[in-house]
Amino acid sequence: MAAPTASPSSTADDGSTIVPAAGAVGEDRVMATAQQILKSLNTNKEVREDMLLIFSNFDNRLSKITDLIRSSSEIEDRYDAAEKVILRYESNSRAPYLPWEESPEEASEYFSSLDEILLLCDDPTFQSNKDLVDRSDTAIQIAMSLLEDEFRHILVRNTVPLDADRLYGSIRRVSLSFASTEGEIDEDFDSFGEESSGHCFHERGISLGDDLCLDLINPDAVIESKEIAERMIRAGYERECCQAYTSVRREALEECLVILGVEKLSIEDVQKIEWKDLDEKMKKWVQAVKIVVRVLLPGEKALSEQVFGGHDSLKDACFSETTRWCILHLLNFGEAVSIGTRSPEKLFRILDMYDALNDAMPSLLAMIGNEFESAEAKGVLAGLGAAARGTFAEFEKAVQGETSRKPMQGGEIHPLTRYVMNYLKLLVVYSETLNSLLEFSEDEPKDVSVDGNQEESMSPVARHLFLLISSLEKNLGEKSKQYEDGAMQYIFLMNNIQYIVQKVKDSELKNLLGDNWVRKRRGLVRQRATGYLRASWSKALSCLKDDGIGGGSSSNAGRMALKDRFKNFNACFEEIYRIQTAWKVPDDQLREELRISISEMVIPAYRSFVGRFGSQLESGKNSGKYIKYMPEDLENYLSDLFEGSPGVLHHMRRKSS
């Protein structure tokens with residue numbers, strides 16, 4: 001059998017063979033020859049080994065060819081064995097998933113075989129065999145297709161659904177009570193914040209504990225996912241691996257938002273939602289922002305680090321792609337609210353949204369690391385802040401411009417007063433936020449004078465509240481003029497100012513407005529009480545004066561004058577009783593103080609008048625017609641005033657003695 005003429009040597013002019021000198025060049029040529037021979041040997045393994053034996057007998061340097069070819073043969077054997085395992089799943093009739101649970105050994109064998117092929121692909125000897133390279137490309141494609149499906153399957157199958165009940169059981173809820181109001185300030189005010197039937201709760205949202213942590217997928221699946229990811233990356237299938245991962249995790253996050261009650265809505269959709277429904281959606285948004293930023297995003301970041309650890313750029317890309325939609329979904333709703341119509345009832349929810357996003361912003365920006373999303377988040381936060389300022393300004397204008405003309409029956413507390421003071425009582429909880437938003441506002445009031453003294457140290461919120469309550473007081477002064485009865489004007493003002501003072505005393509408003517403000521308003525209540533006494537009882541008390549009676553009261557003219565005085569007093573008292581029992585003074589203390597003031601003014605004067613002149617009538621006929629009441633009777637009747645229930649005096653005429 002002739003040896004093939006494949007030699008690195010050259011031929012001289014005399015026909016003799018020139019053998020290269022020993023060294024690197026000679027060795028390389030020998031190896032190159034070996035490579036050429038290997039490519040030309042398309043015979044089976046046994047024939048090639050026989051030929052290698054013949055070559056080695058010609059020149060001991062050809063023994064290296066023998067070693068190389070034998071190595072190639074071993075590589076091919078290893079590849080054949082590995083490929084057999086890979087191809088076993090190509091035509092498998094069952095679902096193309098590795099039997100992790102049923103047969104861990106089989107799954108391990110598959111990974112070992114794939115590892116073997118990937119390892120062989122890096123071998124120069126393997127790379128020199130075009131047939132093996134082509135076959136390995138096909139085998140790897142098959143393996144990657146299966147692993148991609150397997151990757152998705154593991155992530156989907158092991159995703160842990162968000163347990164909202166457990167989550168809400170781990171959080172602290174901060175609630176503030178007030179009754180709902182659905183309209184702007186108008187003549188049909190709803191009670192806002194009264195401790196009465198129909199009240200509801202304004203839930204500021206949830207406060208998450210520092211130790212709240214949730215598994216997004218089952219821990220065992222993390223190991224399996226990483227096994228697959230490592231091999232797909234090693235095989236050059238990073239893009240397919242990232243796409244599979246992000247598509248599954250993105251859907252999982254979408255499902256979490258659904259569980260949290262955050263719907264996918266366009267800006268136009270949000271603008272059309274009725275306030276009652278929008279209020280609920282805003283509340284859920286606040287909860288969702290806290291949970292997403294404090295729980296879900298850190299969980300996703302940790303998961304991407306576990307699966308793609310060691311591949312920083314891929315890890316970051318997968319996290320970014322996974323969470324982008326979720327983040328933009330939340331931001332879109334926030335933007336829609338910020339550009340929506342502004343009405344007073346929205347302010348608290350807008351402030352809740354601002355606080356939630358502002359608190360979450362440092363963590364959010366640190367995690368997303370994307371300029372576009374960072375700018376979006378900052379823009380939405382700024383928009384919510386502007387919406388809060390604008391809504392507060394609208395509320396201030398509404399209080400100043402409220403012009404309802406329907407007087408309150410019985411001089412009761414006006415709905416505007418209830419609305420505004422309960423609104424402010426709740427608003428003061430947001431003082432820190434409002435101070436930061438109002439501090440550099442163009443509409444920030446300057447040079448506010450409180451009780452005649454300049455208060456340079458007042459916070460922005462305090463300045464706004466002082467002016468707002470001043471506007472309310474001015475508005476109430478105008479509304480008091482709707483009553484024709486001057487006494488009722490004073491009752492109306494007393495009721496409303498007392499209500500304002502009580503709301504300030506019972507809340508953080510007192511700390512903002514100060515004790516001096518409270519003292520001045522109490523003084524205003526006393527002034528109105530004095531005005532009431534003068535307007536209501538002056539006429540009755542004028543009947544108890546001595547003028548026109550003198551010492552001639554025993555004459556017929558004097559007796560007639562006395563009778564007129566008693567008749568006129570009785571008529572005045574009965575008229576006051578009939579009217580003012582229908583008036584209402586809701587504050588127990590103010591009502592009692594008014595009765596005492598009336599009693600101290602009227603009873604001594606009546607007792608003195610009866611004591612001095614009553615005997616002159618009692619000796620005559622029908623004295624009970626004139627002296628109808630004893631001082632004690634009047635005192636008892638005064639206790640019926642201001643109960644809001646009209647009364648009529650039914651008295652028994654006193655018999656003449």
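This report concerns the structure included in the present document. As the structure is a computational prediction, the values presented were derived from the model and not from experiment.

**Considerations on the overall build of the protein chain**
- Within the protein chain one finds 23 helices and 6 strands.
- Relative to its 657 residues, the protein chain shows a buried fraction of 48%.
- Taking contacts inside the protein chain between residues at least 6 apart in sequence as the whole, the part at least 24 apart equals 79%.
- Surface summary for the protein chain: the accessible area is close to 32,800 Å², and the carbon and sulfur share equals 48%.

**Regarding helix α4 (residues 104-121)**
- Taking 1.5 Å of rise per residue, the 18 residues of α4 would be expected to cover 26 Å, and the 26 Å separating its terminal C-alpha atoms lies within 8% of that figure.
- For α4, the full list of buried residues reads Ala107, Tyr110, Phe111, Ser113, Leu114, Ile117, Leu118, Leu120 and Cys121.

**Thoughts on the packing of helix α12 (residues 312-338) against helix α13 (residues 347-368)**
- The contact between α12 and α13 brings their axes to 12 Å, and the two run at 155°. Classified by the interaxial angle, the pair formed by α12 and α13 is roughly antiparallel. Handedness of the crossing formed by α12 with α13: left-handed. Residues Phe319, Ile327, Leu331, Phe333, Gly334 and Val337 of α12 form the contact with α13, whose own contacting residues are Ile350, Met353, Leu357, Leu364, Met367 and Ile368.

**Examining the state of the cysteines**
- Overall, the coordinates contain 0 disulfides when judged by the stated rule.
- Looking at the unpaired Cys241, the closest cysteine sulfur is the one in Cys318, lying at 6.4 Å.
- Overall, Cys241 belongs to the buried group, its relative accessible area being 0%.
- Free cysteine: Cys256, not disulfide-bonded; nearest cysteine sulfur from Cys326 at 8.0 Å.

**Looking at the environment of Pro161**
- The topology assignment puts Pro161 in the loop between α6 (130-157) and α7 (164-169).
- Look at Pro161 and you get exposed, because its relative accessible area is 63%.
- On a C-alpha basis, the gap between Pro161 and Cys256 in space is 7.6 Å, while along the polypeptide they are 95 residues apart.

**Some words on the environment of Ile469**
- Looking at the secondary structure, you find Ile469 in helix α17 (residues 460-480).
- The class of Ile469 is buried, set by a relative accessible area of 0%.
- Between the alpha carbons of Ile469 and Gln400 there is a distance of 9.7 Å; along the sequence they are 69 residues apart.
- Leaving out residues up to four positions away in the same chain, Ile469 has contacts with Met421, Leu424, Ile500, Val504, Leu513 and Trp517.

**Considerations on the nonpolar core**
- With 132 residues, the main nonpolar core has Leu424, Tyr532 and Trp537 as its most contacted residues.
- Not counting residues within four places of it along the chain, the set of residues in contact with Trp537 comprises Tyr532, Phe573, Ile576, Ile598, Met601, Val602, Leu638 and Leu641.

**A closer look at unusual backbone geometry**
- The backbone phi angle of Phe642 is positive, close to 65°, even though this residue is not glycine.
- Tracing the backbone through its elements, the reader meets Phe642 in the segment after α23 (631-638).

**Here we look at the packing of α4 against helix α8 (residues 219-234)**
- Where α4 meets α8, the axes come as close as 11 Å, and the angle between the chain directions of the two elements is 20°. With respect to α8, the axis of α4 lies roughly parallel. Crossing hand, α4 versus α8: left-handed. Contact residues: Phe111, Leu114, Asp115, Leu118 and Leu119 in α4; Glu227, Ile228, Arg231 and Arg234 in α8.
- Looking at the contact of α4 with α8 residue by residue, the class counts come to 5 nonpolar, no polar and 4 charged.

**A few points about the packing of aromatic side chains**
- Within the structure shown, the criterion is met by 20 aromatic pairs.
- Aromatic pair Phe395 and Tyr423: ring centres 3.9 Å apart, planes at 15°, arrangement stacked. Here Tyr423 lies in helix α15 (residues 415-427) and Phe395 lies in helix α14 (residues 371-401), a separation of 28 residues in the sequence.
- On the basis of relative accessibility, which here comes to 0%, the residue Tyr423 falls in the buried class.
- Taken together, the aromatic side chains of Trp537, Phe569, Phe573, Tyr577, Tyr606, Tyr629 and Tyr637 make up a single cluster linked through ring pairs.
- Taking the ring centre of Phe319 as reference, the NZ or CZ of Lys301 above it sits at 4.6 Å.

**Looking at the pattern of salt bridges**
- All chains considered together, the criterion is met by 32 salt bridges.
- Across the pair Asp131 and Arg135 runs a salt bridge whose closest N-O atoms are separated by 3.8 Å. Separated by 4 residues within a single helix, Asp131 and Arg135 lie in helix α6, roughly one turn from each other.
- The exposure class of Asp131 is partly exposed, given its relative accessible area of 45%.
- In this structure Arg135 comes out as partly exposed when scored by relative accessible area, which is 22%.
- Note that Arg239 is salt-bridged to Glu240, the shortest N-O span being 3.4 Å.
- Beyond isolated ion pairs, a larger network of salt bridges with shared partners links Asp588, Arg591, Glu592, Arg595 and Glu643.

Thresholds, definitions, all that
Residues numbered from 1 in each chain as written. Predicted model: local features only at pLDDT ≥ 70, side-chain atom pairs only at ≥ 80, totals over all residues. Heavy atoms only, no water. Helix = DSSP H or I, 4+ residues; strand = E, 2+ residues; numbered from the N terminus. Buried < 20%, exposed > 50% of the residue type's maximum accessible area, 1.4 Å probe, protein only. Contact = heavy atoms within 4.5 Å. Areas by Shrake-Rupley, 256 points an atom, 1.4 Å probe, with all protein chains shown as cover. Expected span 1.5 Å × (residues − 1). Axes fitted to C-alpha atoms, helices over the stretch in contact; angles between N-to-C directions. Parallel < 35°, antiparallel > 145°, perpendicular 65-115°, else oblique. Left-handed = near helix turned anticlockwise from the far one by under 90°. Disulfide = S-S within 2.5 Å. Core = buried A, V, L, I, M, F, W, Y, C linked by side-chain atoms within 4.5 Å. Nonpolar A, V, L, I, M, F, W, Y, C, P; charged D, E, K, R; others polar. Phe/Tyr/Trp six-rings, centres within 6.5 Å; stacked < 30°, edge-to-face > 60°. Lys NZ or Arg CZ within 6 Å of the ring centre and 35° of its normal. Salt bridge = Lys/Arg side-chain N within 4 Å of Asp/Glu carboxyl O.

Just geometry here; none of it tells us what the structure is for.
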